[in-house]
Amino acid sequence: MNGEYKIPNHVAIILDGNGRWAKKRGLNRSLGHKAGFENLKKLSKYIFKKGVKVLSVFAFSTENFKRSKEEVDYLMKLFTNNFKQLIDHNSDVKIVFSGRKSNLSNEVLAAMHEVEEATKNHSTYLFNICLNYGGRADIIDATKQIAEDYKEGKITLEDLDEAFFQKYLYNGIPDIDLLIRTSGEIRISNFLLYQSAYAEMYFPSVFFPDFDEKQFDLALLEYTKRDRKFGGIKDDCKNN
Ligand code: IPE
Ligand code: IPE
Ligand code: MG
């Protein structure tokens, strides 16, 4: 608890509605993405300040390559030029990227590498940016790695259980406690499928660039009211 709020360990956000945010203002979709990135910079700091230990965000899905070349190019340039602004040397936030490296340009890969390197010794908070990410691809890639390790005799079939499998997913990301999708869409769109098994879900109607600190507090308030049961009958049954 933090004051009146219960604080989730892992918050995951599907950053949706940048395009509609721009359209509503008569602007090009690109400006919506720019506003979304600016918001992410501020909001991520606030979320960690609240005591959330792990923050995952969906920045670009494997399926987003279906969009126009102009939009994909803009997004990749935005990532390449601005990711380093997420590095905060006064905080202890480790930044990692989850997703397939294939299809990404050397420029964006270099920017991702720079950010990961600069924060690799941080350990209090984890900022997981899902880029060229698909939940199914995550599961397939983990399965392939497990098969390889099995073939090489590094693991046995007896090792394999749910927690063991989860560690093979990109960056071994833990279970999600609170999953937020902005813009009013009520679907997962291939986000962290395995890790969202028992996530509490929250679907505010505001577009991502408008999902500010106040909006996040509302999400926390809603989360605080939820009665988590994990298949049992009361909130703390997971530990019983
Ligand atoms: C989310 O905003 C950002 C990405 C998917 C990269 P959208 O671009 O999906 O915005 P809408 O859904 O078209 O409003
Ligand atoms: C999901 O949003 C992916 C990201 C936010 C990066 P989309 O806007 O791509 O999802 P759909 O197409 O509406 O399901
Ligand atoms: Mg969208």
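Because the structure is a prediction, the values reported are computed rather than measured.

*Asks:* What is the right way to read the site of ligand 2 from this model?
*Replies:* Every residue close to ligand 2 is listed here: I14, L15, D16, F58, A59, F60, S61, N64, R67, R181, R187 and S189. Residue S189 places a side-chain N or O atom 2.6 Å away from an oxygen atom belonging to ligand 2. Residue composition of the shell around ligand 2, grouped by class: five nonpolar, three polar and four charged.

*Asks:* Help me understand the site of ligand 1, please; the structure alone is not making it clear to me.
*Replies:* What surrounds ligand 1 is a group of 13 residues, the closest being L15, D16, R20, R29 and R67. Between ligand 1 and D16, the relevant distance is 2.9 Å, taken from an oxygen atom to a side-chain nitrogen or oxygen of the residue. Measuring from an oxygen atom of ligand 1, one finds a backbone N or O atom of G17 at 3.4 Å. About the coverage of ligand 1: the protein hides 87% of its 380 Å² of free accessible area.

*Asks:* Help me understand helix α3 (residues 69-82), please; the structure alone is not making it clear to me.
*Replies:* A turn of α-helix holds 3.6 residues, and therefore any two residues three or four places apart point the same way. Relative to the 20 Å expected for 14 residues at 1.5 Å per residue, α3 spans 20 Å between its end C-alpha atoms, a close match to the ideal helical length. Among the residues of α3, those classed as buried are E71, V72, L75, M76, L78, F79, T80 and N82. Where α3 is buried, its residues meet α2 (29-49), β2 (54-61), α4 (106-119) and β4 (125-133).

*Asks:* Could you clarify how one ought to interpret the nonpolar core in this entry?
*Replies:* It is characteristic of soluble globular proteins that their nonpolar side chains tend to be buried jointly. Formed by 41 residues in total, the largest nonpolar core has its most connected members in I13, F83, F127, I180 and F216. When residues of this core are assigned to their parent elements, the largest contribution, six residues, is made by α2. Sequence-distant contacts of F83, defined by excluding residues within four places in its chain, comprise F37, L78, F97, M112, V115, I129 and L131. If you look at the next biggest cluster of nonpolar residues, it comprises 12 residues, including A12, Y170, I176 and L179.

*Asks:* Sorry, what's going on with the packing of aromatic side chains here?
*Replies:* The description of an aromatic ring pair rests on the distance of the ring centres and on the angle between the ring planes. One pass over the structure, following the stated rule, counts 15 aromatic pairs. Ring geometry for Y46 and F216: centres 6.4 Å apart, planes at 85°, overall edge-to-face. Remark: F216 occurs in helix α7 (residues 213-225) and Y46 occurs in helix α2; sequence separation between them is 170 residues. This pair shows no difference in class: Y46 is buried, exactly as F216 is. With a centroid separation of 5.2 Å and an interplanar angle of 5°, the aromatic rings of F79 and F83 are classed as stacked.

*Asks:* Can you walk me through unusual backbone geometry in this structure?
*Replies:* Most peptide bonds take the trans configuration, and most residues that are not glycine carry a negative phi. Positive phi is not limited to glycine here, since S183 has a value of about 85°. Structurally, S183 can be placed in the loop between β5 (178-181) and β6 (200-202). Despite not being glycine, N190 shows a phi value in the positive range, around 65°. Checked against the element boundaries, N190 lands in the loop between β5 and β6.

*Asks:* Explain α4 here, please?
*Replies:* For α4, which comprises 14 residues, the first-to-last C-alpha distance of 20 Å matches the rise-based estimate of 20 Å (1.5 Å per residue) to within 8%. All of the buried residues along α4 are V108, A111, M112, V115 and T119. Each buried residue of α4 lies within a common arc of 95° when the element is viewed along its axis, so the set occupies one face. Of the surrounding secondary structure, the elements contacted by the buried residues of α4 are α3, β3 (93-98) and β4.

Parameters at a glance
- Residues numbered from 1 in each chain as written.
- Chains lettered and ligands numbered in written order.
- Predicted model: local features only at pLDDT ≥ 70, side-chain atom pairs only at ≥ 80, totals over all residues.
- Heavy atoms only, no water.
- Near = heavy atom within 4 Å.
- Polar contact = N/O pair within 3.5 Å; in protein donor to acceptor, adjacent residues only side chain to side chain.
- Nonpolar A, V, L, I, M, F, W, Y, C, P; charged D, E, K, R; others polar.
- Areas by Shrake-Rupley, 256 points an atom, 1.4 Å probe, with all protein chains shown as cover.
- Helix = DSSP H or I, 4+ residues; strand = E, 2+ residues; numbered from the N terminus.
- Expected span 1.5 Å × (residues − 1).
- Buried < 20%, exposed > 50% of the residue type's maximum accessible area, 1.4 Å probe, protein only.
- Contact = heavy atoms within 4.5 Å.
- Core = buried A, V, L, I, M, F, W, Y, C linked by side-chain atoms within 4.5 Å.
- Phe/Tyr/Trp six-rings, centres within 6.5 Å; stacked < 30°, edge-to-face > 60°.
- Arc of directions from axis to C-beta.

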